[in-house]
Amino acid sequence: MVPLEQQFASDNYSGICPEAMAAIEESNHGHAPAYGNDPWTQHAADAFRELFEKDCEVFFVFNGTAANSLALASLCQSYQGIICCDSAHVETDECGAPEFFSNGSKLLVARSEDGKLSSAAIRELATKRMDIHYPKPKVVTMTQSTETGRVYTPAEVRALSETCKEHGLSLHMDGARFANAVAALGCTPAEMTWKAGVDVLCFGGTKNGMAVGESVVFFDRKMAVDFDYRCKQAGQLASKMRFLAAPWVGMLGSGAWLKNARHANDCATYFAGQVAGIAGVKLVGPVEANAVFLAASDAILDRLRAKGWLFYTFIGGAARFMFAWDTELARVDKLVRDLKDCV
Ligand SMILES: *Cc1c(COP(=O)(O)O)cnc(C)c1O
């Protein structure tokens, strides 16, 4: 099979990073107890507790849709509502899974220009209706870094969590690109989450360099009661759990999670710098993590596609380029040259 040349359509086009691969191989010796009762799963959970400086409860699931949906379902009743941004993955890219797994909790969608939630938007949705005919707002979900490539500073997260507390809402963070946000801001994972008032985090491994797997981190253990049953019922309890957990041991133990994210972010910044002067191509929004959005005419984008480049335009109304742990600068340079040829 001939591999695809590097593409920047999504950071999940990349393969498995060496640290995650080595951990899979290392864990593939002999037998181990099933369903998470193995030493790898224990070590991975301990590694999260160390990373977050908190005695949190950690669960390992296969993907982000499951992580988000099950986490949100555990935070509200079916008659309650989940406040999110209009560009949130839970709203646009999960096929109704959060509603499905919560037995009908309605997503209450806030309009946003830049893909970030604001305290004002949360307040508006939380107080819009108090009558019995409207789902009772119970949770807020925010994405860090956002689908639009932006980040929330720890102070911004804290401001949102304070608004949540005022209205009796819990705060969930979709961290499919959590590592990119930490790398961008240079803060600690704790400062970005529980110290700023986040109750539950879905920490993405896939886009960060793993084959598969996201972890659900409950900073308040009481909120995690029976979450294991929820995972099992949803088909998300891996019987050979060690292979879902071991890559986390490799990623967190070696620091690859942060190194990978830094590299991806640096490549995005580099690409944005290279395209800055190209006439007919406009950078949309600041580059804060590993995404770059470009506005250009359909003719230019069609010519770029004709040169073999794959990219999405259904997010943010612009052409999106995502960089990953393995991005090669030579390939970025090729994209820049091709883009220049297209204008
Ligand atoms: C990729 C992504 C997810 C996870 O998606 P899956 O395909 O279900 O693993 C969740 N949230 C955001 C913001 C994402 O970009």
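Up top you'll find the structure we're talking about.
Residues numbered from 1 in each chain as written. Predicted model: local features only at pLDDT ≥ 70, side-chain atom pairs only at ≥ 80, totals over all residues. Heavy atoms only, no water.

Bringing the packing of helix α2 (residues 39–51) against helix α11 (residues 242–254) into the picture now. Across the interface, α2 lies against α11 with an axial gap of 8 Å and an inter-helix angle of 40 degrees. As the angle between them shows, α2 and α11 are arranged oblique. Note on packing geometry: the crossing formed by α2 with α11 is left-handed. Of α11, the residues touching α2 (which contributes W40, T41, H43, A44, A47, F48 and L51) are R242, A245, A246, W248, V249 and L252. (Axes fitted to C-alpha atoms, helices over the stretch in contact; angles between N-to-C directions. Helix = DSSP H or I, 4+ residues; strand = E, 2+ residues; numbered from the N terminus. Parallel < 35°, antiparallel > 145°, perpendicular 65-115°, else oblique. Left-handed = near helix turned anticlockwise from the far one by under 90°. Contact = heavy atoms within 4.5 Å.)

Another point: the packing of aromatic side chains. One pass over the full model with this rule turns up 20 aromatic pairs. Between F48 and F52 the ring centres are 6.4 Å apart and the planes differ by 10 degrees, which places this aromatic pair in the stacked class. Judged by relative accessible area, F48 falls into the buried class, the value being 0%. Residues F271 and F323 carry aromatic rings whose centres are separated by 5.4 Å and whose planes lie at 50 degrees to one another, so their mutual orientation is tilted. Residue F271 is found in helix α12 (residues 256–275), and its partner F323 is found in the loop between β10 (319–322) and α14 (329–342); the two are separated by 52 residues along the sequence. Residues F271 and F323 agree in their burial class; the two are buried. Within the aromatic cluster, the residues linked to one another by ring pairs are F48, F52, F60, F178, F203, F219, W248 and W257. One Lys or Arg, K116, reaches over the ring of Y152 and ends 5.2 Å from the middle of that ring. (Phe/Tyr/Trp six-rings, centres within 6.5 Å; stacked < 30°, edge-to-face > 60°. Buried < 20%, exposed > 50% of the residue type's maximum accessible area, 1.4 Å probe, protein only. Lys NZ or Arg CZ within 6 Å of the ring centre and 35° of its normal.)

What follows is about the environment of A318. With respect to the helices and strands, the residue A318 is situated in the loop between α13 (298–306) and β10. Considering only alpha carbons, one finds A318 and L283, 35 residues apart in sequence, at a separation of 9.2 Å. Among residues more than four places away in sequence, those in contact with A318 are V284, F293, L294, A295, Y312 and T313.

Among the six residues of strand β2 (residues 80–85), six are classified as buried, and the element is accordingly described as predominantly covered. Burial along β2 is two-sided: the residues Q80, I82 and C84 and G81, I83 and C85 are all buried. Inspection of the sheet shows β2 paired to strand β4 (residues 136–143) by four bridges, in the parallel sense. Residue pairing across strands places G81 opposite P137, the latter belonging to β4. Two strands pair when backbone bridges link them, and β2 and strand β3 (residues 106–110) are joined in this way by five bridges, in the parallel orientation. (Pairing = 2+ DSSP bridges.)

Here we come to the sheet that holds strand β7 (residues 214–218). Pairing within the open sheet is mixed, and its seven strands lie in the order β1-β7-β6-β5-β4-β2-β3. Of all the strands in the sheet, the pair left with one neighbour each is β1 (57–61) and β3. Each adjacent strand pair in this sheet contributes to an overall mean axis angle of 25 degrees, direction not counted. Inspection of the sheet shows β1 paired to β7 by five bridges, in the antiparallel sense. Looking at β7, one finds that F59 is bridged to V216. Packing against the sheet, α2 makes contact with β1, β6 (200–204) and β7, and its axis sits at approximately 125 degrees to β1.

Nothing here speaks to function; it is geometry throughout.
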